[in-house]
Amino acid sequence: MRFTGIPGVSGIGEGEIIHFLRSSYQDNTTVTSWEELVAIAGKEFSELQCEVKNGGDDDWHSIINIQVEILNDPALSEEISTSIQKGSALPDAVRSVFAFWKERLQSIPDGYLSERVQDLKDLEERLLRLAKGGKISLPVFDRHVILAASELFPSELLQFDRRWIRGLVLGSGSISSHIVLLAKAFRIPTVLGAADFWAELPEGERMRLDGSNGEIVWASNGLPDAGQELHVQHQTNEVSVKAVDSQPCLSRGVYTADGIKIKLLANLDIIDDLHKVKESGAQGVGLFRTEFIYLAGGADFSEEDELEIYKDLFSEISSEKVVVRLLDLGSDKPWPGVTLTTEANPALGIRGIRLLLKERWLLERQLRVLFRAVGKKQLSLLLPMVGNVSEIKAVHEIINIILQKFPGLPYPKVGAMVEIPAIAMALDSLKSDVDFVSLGTNDLTQYGMALDRALPGTGDAWLEPGMFRLLEQGVKGARHAKLPLSVCGELAGTIPGAMALIGLGVRKLSMTPTQIPAIHDFISKTKAEECRTLTKKLLKSINKADSLALLLAASL
Amino acid sequence: MEQIVKMGDGVGLHGRPGVLLVDLCRKFPDSHIVICKDGKEAQATSLLNLLALGVVRGDNVTVRIEGGDEESAFARAKAILSGEAR
């Protein structure tokens, strides 16, 4: 039997199961005055701050800062001092005052604020420990471990030797709790919601957890020996192929003549085209351009209408096979009342993700409706016109908030559209904040060549030497950053384009559904090796005419 | 002085902006800073009281500042609450 918790931090971790139990307190207090306790705790915090300084991660500092400010809160001090004056022992005074504040913060309906109760608990734990003059002796590791605990405080995770921690299984904690934010910052795969079973996990056994779907499996429960890993990997792949098979309308993809698997996906603009996607033999939807349903719905497009559209879509094609691009409004896709009409250069203006972050209610609305529509399944979200990682972090923050209202819903996969040349050159900067990237060749060419995509005769501008090298940089960058990449511009749906992209190493192409049969046919008769040879020549070409001639010769 | 400020920060008056406000009180020791929402008041020197206001994104809060350097303190406080100061 497999155990499944709530996905916390995605990633796969493997190690020996260790239970973490916080030692219970003793009564023989050695510190009796609150002032003394504040001084000792303050000293410990400043040591901790020095220790984490080199890490440079904002999350660490802010968690410590919040606790330091609570420690120094005049209201807290006054209440504890009063309680002591009335005859309470220091630990009891701390407990009762903290209980009061925990309850007060807990009662706030906003999830993010009530999560701060964890900071209070953490601080209380520290104070009570210091009050009895003791230090927690954290377990020391010399091998890879997975910690199972009812709960774990940020300060504890900070003090562990994290090199050895390969995963966390926690009874409590939501995805916006600090412990999860920290685990994410340290890239420790984490599974939450294990309150009922964490204590039953057999200590000392080897376990593997998958933070992206919450699954855990251990040695006596079916985890194969380390030597069989490759085999397991292989089997998993086969299972996913079978899953595709069970949906008869979606195909298994296509192999090149020399056996390289290429995934063919469909771009979906209007929901009425759904039957075309299914008939096309696509393996899924690589790009669902949601702005078109808004544009079609007009200025008073309601949330309920939007919900119905997503529900219809997900009932036809599982959400796991659909990449939903969040609203890409602005520029050539204005929406009344939201997009600015006074911009001098709308294509370079507030559009795509910039607009979503400026008009947050739009982003929040769309996330809310999508989360309602998807049930408990995995969503893949694609962010339009990403220019830097801060934009993605801002979206994560909003996802975290909205997601709190949907307990049990897995954290969506988040991808970035690569349409701005500067980000195509710096995909490594996105790697810890996105799960995948999608190259939008239409806009990338528009911005790369400073050439309006609507101008006639610009369809082959991607063959300009600099443009093609930019595409290569994007594909290479994604590979180095280990980010799965697909191409969803129109280029992918042309035979020369598909050939050049496959030659560059692209293995996932998303295109207008009507193009899929032709591309499918062409790929099955073409060797990837030929594509690579062609691409090498294209990369050396110094003018577009030569490149065109090369392509023509190759695709005939 | 007293003015209404609309919260602009991503997730309301939570830990980080709270810490910034407490720190602001330290930088302007001559100003007495109070944040009010729905009839509840919090001294900005107390992070717990600030958090307990339960201010979320988009809320309107009243900022009341009295003291010698109230104008510059207000400008800072407004920047923190509106999310411009990090």
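A brief look at the structure comes next.

Here is what the cut-offs are and how they apply
- Residues numbered from 1 in each chain as written.
- Chains lettered and ligands numbered in written order.
- Predicted model: local features only at pLDDT ≥ 70, side-chain atom pairs only at ≥ 80, totals over all residues.
- Heavy atoms only, no water.
- Helix = DSSP H or I, 4+ residues; strand = E, 2+ residues; numbered from the N terminus.
- Contact = heavy atoms within 4.5 Å.
- Areas by Shrake-Rupley, 256 points an atom, 1.4 Å probe, with all protein chains shown as cover.
- Salt bridge = Lys/Arg side-chain N within 4 Å of Asp/Glu carboxyl O.
- Polar contact = N/O pair within 3.5 Å; in protein donor to acceptor, adjacent residues only side chain to side chain.
- Nonpolar A, V, L, I, M, F, W, Y, C, P; charged D, E, K, R; others polar.
- Buried < 20%, exposed > 50% of the residue type's maximum accessible area, 1.4 Å probe, protein only.
- Pairing = 2+ DSSP bridges.
- Expected span 1.5 Å × (residues − 1).

## Considering the overall build of chain A
Right, so step 1: Scanning chain A from N- to C-terminus turns up 22 helices and 17 strands.
Right, so step 2: When contacts within chain A are restricted to residue pairs at least 6 apart in sequence, long-range pairs at least 24 apart make up 67% of them.
Right, so step 3: A total accessible area of about 24,200 Å² is found for chain A, and carbon and sulfur atoms account for 53% of it.

## A closer look at the interface of chain B and chain A
Right, so step 1: Between chain B and chain A, the residue contacts involve 20 residues of the former and 23 residues of the latter.
Right, so step 2: For the interface between chain B and chain A, the tally reads 2 salt bridges.
Right, so step 3: For B:Arg57, the salt bridge identified is with A:Glu364, shortest N-O distance 3.0 Å.
Right, so step 4: For the interface between chain B and chain A, the tally reads 5 residue pairs in polar contact (both at pLDDT 80 or more).
Right, so step 5: Looking at the side of chain B that touches chain A, the elements with two or more residues in it are α1 (15-27) and α2 (47-52) of chain B.
Right, so step 6: Looking at the side of chain B that touches chain A residue by residue, the class counts come to 10 nonpolar, 7 polar and 3 charged.

## A word on unusual backbone geometry
Right, so step 1: Of note, the phi angle at A:Lys482 is positive, near 55 degrees, even though the residue is not glycine.
Right, so step 2: Looking at where A:Lys482 falls in the secondary structure, it is placed in the loop between α18 (465-480) and β16 (485-487).
Right, so step 3: The class for A:Lys482 is exposed, based on a relative accessible area of 73%.
Right, so step 4: If you check the backbone angles, B:Asp38 has positive phi at about 50 degrees while not being a glycine.
Right, so step 5: In this fold, B:Asp38 is placed in the loop between β2 (31-37) and β3 (40-43).

## Some remarks on the sheet that holds strand β2 (residues 6-9) of chain A
Residues and elements named next belong to chain A.
Right, so step 1: In space, the 8 strands of this open sheet follow the order β1-β8-β7-β3-β4-β5-β6-β2, with mixed pairing throughout. A single partner strand is all that each edge strand has here, and the edge strands are β1 (3-4) and β2.
Right, so step 2: Here β2 runs beside strand β6 (residues 190-192); their pairing, made up of 3 bridges, is antiparallel. Each bridged residue has a counterpart across the sheet, and for Pro-7 the counterpart in β6 is Val-191.

## Side note on the pattern of salt bridges
Residue and element names in this part refer to chain A.
Right, so step 1: Under the definition given, this model contains 30 salt bridges over all chains.
Right, so step 2: Across the salt bridge formed by Glu-14 and Arg-208, the nearest N and O atoms sit 3.7 Å from each other. Of the two residues, Glu-14 sits in strand β3 (residues 12-19) while Arg-208 sits in strand β7 (residues 206-210), which places them 194 residues apart along the sequence.
Right, so step 3: A relative accessible area of 16% means that Arg-208 is categorised as buried.
Right, so step 4: Among the salt bridges present, the one from Arg-95 reaches Asp-92, with a minimum N-O distance of 3.2 Å. Placement of the pair is Arg-95 and Asp-92 together in helix α4 (residues 90-106), with a separation of 3 residues, close to one helical turn.

## Some thoughts on α18(A)
All names here are of chain A.
Right, so step 1: A rise of 1.5 Å per residue sets the reference length of α18, with its 16 residues, at 22 Å; its end C-alpha atoms lie 22 Å apart and thus fit the reference within 8%.
Right, so step 2: Within the sequence span of α18, burial applies to Pro-465, Met-467, Phe-468, Leu-470, Leu-471, Glu-472, Gly-474, Val-475, Gly-477 and Ala-478.
Right, so step 3: One or two steps after α18, the chain reaches Lys-482, where phi turns positive at roughly 55 degrees.

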